[in-house]
Amino acid sequence: PAMHEAYRVLKQNRVAVMFYGWTKVDAFFEAWKEAGFQPVGHIVFRKAYSSKSRFLNYQHEQAFLLAKGRPPLPKQPLGDVLDMPYSGNKLHPTQKPVAALAPLVRSFTLPRELVLDPFAGSASSCAAALLTGRKYIGIELDAEYFHQASARLERVQERLAAKKRTSQVLIPTLR
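Residues numbered from 1 in each chain as written. Predicted model: local features only at pLDDT ≥ 70, side-chain atom pairs only at ≥ 80, totals over all residues. Heavy atoms only, no water.

This part takes up the nonpolar core. One finds F45, L104, A128 and L153 to be the most contacted residues of the largest nonpolar core, which totals 25 residues. Sorting the residues of this core by element identifies β2 (38–46), β5 (60–68), α3 (98–108), α4 (124–131) and α5 (143–167) as the ones contributing at least two each. If one sorts the elements of this core by residue count, α3 sits on top with seven residues. Those residues in contact with L153 that lie beyond four places of it in its chain are A123, C126, A127, L130 and Y136. Counting residues in each nonpolar core, the second largest holds eleven residues, with A16, Y20, A35 and L66 among its members. (Core = buried A, V, L, I, M, F, W, Y, C linked by side-chain atoms within 4.5 Å. Buried < 20%, exposed > 50% of the residue type's maximum accessible area, 1.4 Å probe, protein only. Helix = DSSP H or I, 4+ residues; strand = E, 2+ residues; numbered from the N terminus. Contact = heavy atoms within 4.5 Å.)

Structure (structure tokens):
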């Protein structure tokens, strides 16, 4: 049901980036296709660390790039393999680093457009939106994670406001 809602609220001719666990790819793919999404790309995020070890050391995450309609092609397409530095997972068990998400936001949205994350967790995608001049809506069901994400976004907004203030300071010159 969440994928139908994601499709419904996504603007026509836009894309969604959907992370997924490889063990559930069939269920995710079926839900995306049933909702109306068309896969237009697959992204692998290379990690220098293992998030889990079983038969293999899991050193990547993946996401599908899903389209609604016919979105415009980016001016400078990203590679389909991107680095994912370690976030520390201090705020959420599946926390993504802003540095890995910001290029996606820049590539697939325009300044001042809206980024929606219906599974916000630590709000990394919302922080990436703020830092790239976009608006955001983040939805998080878990109250503890919601409060941590809200505090994080307040810190990001404060840093951006402080940076803006320092860039607007006039320095008098001597004549």
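Okay, back to it.
Attention now moves to the environment of Y58. Here Y58 shows up in strand β4 (residues 57–58). Once the C-alpha coordinates of Y58 and A48 are considered, the two residues, ten residues apart in sequence, prove to be 9.9 Å apart.

What follows concerns the environment of A129. Mapped onto the elements of the fold, A129 is located in helix α4. Taking the C-alpha atoms as reference points, A129 and R112, 17 residues apart in sequence, are found 9.0 Å from one another. Look past the residues within four positions of A129 in its chain and what remains in contact with it is V105, V115, R134, K135 and Y136.

Here we come to the side chain of S122. Its place among the elements puts S122 in the loop between β7 (114–117) and α4. Overall, S122 belongs to the buried group, its relative accessible area being 4%. Sequence-distant contacts of S122, that is, excluding residues within four places in its chain, are made with L91, H92, Q95, A149 and R152.

The next thing to look at is the pairing of strand β1 (residues 14–20). Counting buried positions along β1 gives five out of seven residues, so the element sits mostly inside the fold. In this structure, β1 lies alongside β5, joined through seven bridges in antiparallel fashion. Each bridged residue has a counterpart across the sheet, and for A16 the counterpart in β5 is L66. (Pairing = 2+ DSSP bridges.)

Another aspect to go through is the packing of α4 against α5. Contact geometry of α4 with α5 gives a least axis separation of 10 Å together with a crossing angle of 15°. With respect to their mutual orientation, α4 and α5 come out roughly parallel. α5 is crossed by α4, and the crossing has right-handed handedness. Contacts between α4 and α5 pair S124, C126, A127, L130 and L131 from the former with R152, L153, V156, Q157 and L160 from the latter. Per-class residue counts for the contact of α4 with α5 are seven nonpolar, two polar and one charged. (Axes fitted to C-alpha atoms, helices over the stretch in contact; angles between N-to-C directions. Parallel < 35°, antiparallel > 145°, perpendicular 65-115°, else oblique. Left-handed = near helix turned anticlockwise from the far one by under 90°. Nonpolar A, V, L, I, M, F, W, Y, C, P; charged D, E, K, R; others polar.)

What follows is about the layout of surface pockets. Left-over empty space is what a probe sized like a water molecule reveals as it rolls over the atoms. Here the second largest pocket defines a volume of roughly 670 Å³. Surrounding the second largest pocket, 28 residues form its lining, P72, L73, P74, S107 and F108 being those nearest its centre. Mapped onto the lining of the second largest pocket, the elements with two or more residues apiece are β1, β2, β5 and α3. Top contributing element to the lining of the second largest pocket by residue count: α3, with five residues. The residue makeup of the lining of the second largest pocket, split by class, is 15 nonpolar, eight polar and five charged. (1 Å grid on protein atoms, 1.4 Å probe; cavity = no way out; pocket = protein on both sides within 12 Å on 5 of 7 lines; lining within 4 Å. Points joined across faces, edges and corners; volume = space filled by probe spheres on them.)

To continue, consider unusual backbone geometry. With a phi close to 70°, R112 is a non-glycine residue in the positive phi region. On the accessibility criterion, R112 (63% relative accessible area) is exposed. Even without glycine at this site, A123 takes up a positive phi of about 70°. Examined against the element boundaries, A123 turns out to sit in the loop between β7 and α4. With a relative accessible area of 1%, A123 lands in the buried category.

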